[in-house]
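Per-entry structural report
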Amino acid sequence: MTATTATDLATPFDRSERAIWRGSADAYARTFAHLCAHLAPDLLDAAHAGNGTRVLDVGTGTGTVALLARGRGADALACDADPGMVATAVGTAGRDGAPLTGVVAALPALPFADGSFDAVTAGFVLNHVGRPRAAAAELARVALPGRRVAVTIWASPPAAGQTLVGRALAAAGIERPTTFPSLDGADDFPRTADGLAALLRDAGLVDVVVEERRWVHRVDADTWWAGPASGVATVGKVLTGAPSEARAAARAHFDRLADELRGDDGLLALPHVALLGHGRRPPA
Ligand SMILES: C[S@@+](CC[C@H](N)C(=O)[O-])C[C@H]1O[C@@H](n2cnc3c(N)ncnc32)[C@H](O)[C@@H]1O
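To start, this report covers the structure provided alongside it. (Residues numbered from 1 in each chain as written. Predicted model: local features only at pLDDT ≥ 70, side-chain atom pairs only at ≥ 80, totals over all residues. Heavy atoms only, no water.)

**Points about the packing of helix α10 (residues 221-229) against helix α11 (residues 233-240)**
- Relative to each other, α10 and α11 sit at 75°, their axes nearing to 7 Å. In this view, α10 runs roughly perpendicular relative to α11, as classed from their interaxial angle. Here Trp225, Pro228 and Ala229 of α10 lie close against α11, whose contacting residues are Val235, Gly236, Leu239 and Thr240.
- Taken together, the residues of the contact of α10 with α11 break down into 5 nonpolar, 2 polar and no charged. (Axes fitted to C-alpha atoms, helices over the stretch in contact; angles between N-to-C directions. Helix = DSSP H or I, 4+ residues; strand = E, 2+ residues; numbered from the N terminus. Parallel < 35°, antiparallel > 145°, perpendicular 65-115°, else oblique. Contact = heavy atoms within 4.5 Å. Nonpolar A, V, L, I, M, F, W, Y, C, P; charged D, E, K, R; others polar.)

**Quick notes on the pattern of salt bridges**
- If you walk through the whole model with that rule in mind, you get 13 salt bridges.
- Glu212 is the salt-bridge partner of Arg214, the closest N and O atoms lying 2.9 Å from each other.
- Residue Arg214 is classed as exposed on the basis of its relative accessible area of 58%.
- Exposure remark for Glu212: the relative accessible area of 47% places this residue in the partly exposed category.
- Among the charged side chains, a salt-bridge network with shared partners connects Asp42, Glu211 and Arg213. (Salt bridge = Lys/Arg side-chain N within 4 Å of Asp/Glu carboxyl O. Buried < 20%, exposed > 50% of the residue type's maximum accessible area, 1.4 Å probe, protein only.)

**Considerations on the pairing of strand β5 (residues 117-123)**
- A large share of β5 lies buried, amounting to 7 of its 7 residues.
- Inspection of the sheet shows strand β2 (residues 54-58) paired to β5 by 3 bridges, in the parallel sense. In the strand pairing of β5, Val55 is matched with Ala119.
- Where β5 and strand β6 (residues 143-154) come together, 6 bridges link them in parallel fashion. Directly across from Thr121, in β6, lies its bridge partner Ala150.
- Handedness of the crossover is the feature at issue here: the chain leaves β5, passes through helix α7 (residues 132-141), returns alongside β6, and the resulting connection is right-handed. (Pairing = 2+ DSSP bridges. Right-handed = clockwise from strand over helix to strand, strands pointing away.)

Encoded structure:
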């Protein structure tokens with residue numbers, strides 16, 4: 001694993017995100033990684049990441065997309081701002097004996113020369129960067145001319161499954177503390193198909209396509225609660241920062257609200273909506 005820093009480019013939002021993900025790799029792998037994995041094959045298809053291609057997966061988390069790319073015969077590089085995530089991704093790959101290289105680096109400043117990769121992917125990462133426009137441009141920069149970049153983000157408005165935990169927190173009176181920075185308005189973009197398409201075009205990509213993807217994530221209630229209860233993502237930090245009585249109340253509200261989304265098999269059926277966007281760096 002190699003490391004680089006881009007602290008001079010980090011916004012307050014970026015610094016907060018670093019703190020939010022620190023120490024979360026194991027809990028993320030057990031919980032939300034299974035949700036995000038749903039679009040990993042589509043992400044690789046959209047990036048044309050196949051056998052023999054050199055693939056950069058940015059914001060790799062615990063390495064789902066990079067590992068799948070390697071399984072397709074690609075030479076995959078797993079990159080994330082959080083060292084724990086990269087260590088977990090590389091360690092997971094190592095268990096089956098095949099190498100996966102990891103790099104600790106943060107958007108919007110990646111330590112690669114222009115045009116270093118045949119395919120660049122970033123699954124559910126542009127939701128977590130302080131400068132989405134600069135981040136998208138950086139993803140485009142490191143793709144070879146004529147090659148593809150593919151990203152996923154959560155769409156707005158969210159589906160009922162995505163708001164379940166947030167609704168439970170709100171019912172328990174747990175609010176997002178004002179100490180969590182928001183994105184600067186000038187850096188933000190609409191989390192819609194048109195908004196993501198414009199972001200990717202402004203990043204210099206051509207032949208941009210954005211597709212909405214809806215699916216139902218099936219999971220047992222305890223596993224779904226375990227993500228935020230372990231402090232994963234912003235909602236997890238808001239929950240774990242609340243007093244114990246409020247946390248207990250939030251769990252009770254979660255159980256009540258979850259009943260509305262429970263299927264006959266006892267699992268929760270959680271509707272989600274995301275956007276898959278992809279485009280090509282113009283040929284040289
Ligand atoms: C929701 S997770 C997605 C992980 C993975 N792509 C997946 O689909 O499971 C977001 C990841 O983005 C990483 N991240 C956040 N900000 C980043 C940045 N500025 N540059 C690179 N990675 C970042 C986080 O550390 C975290 O691992």
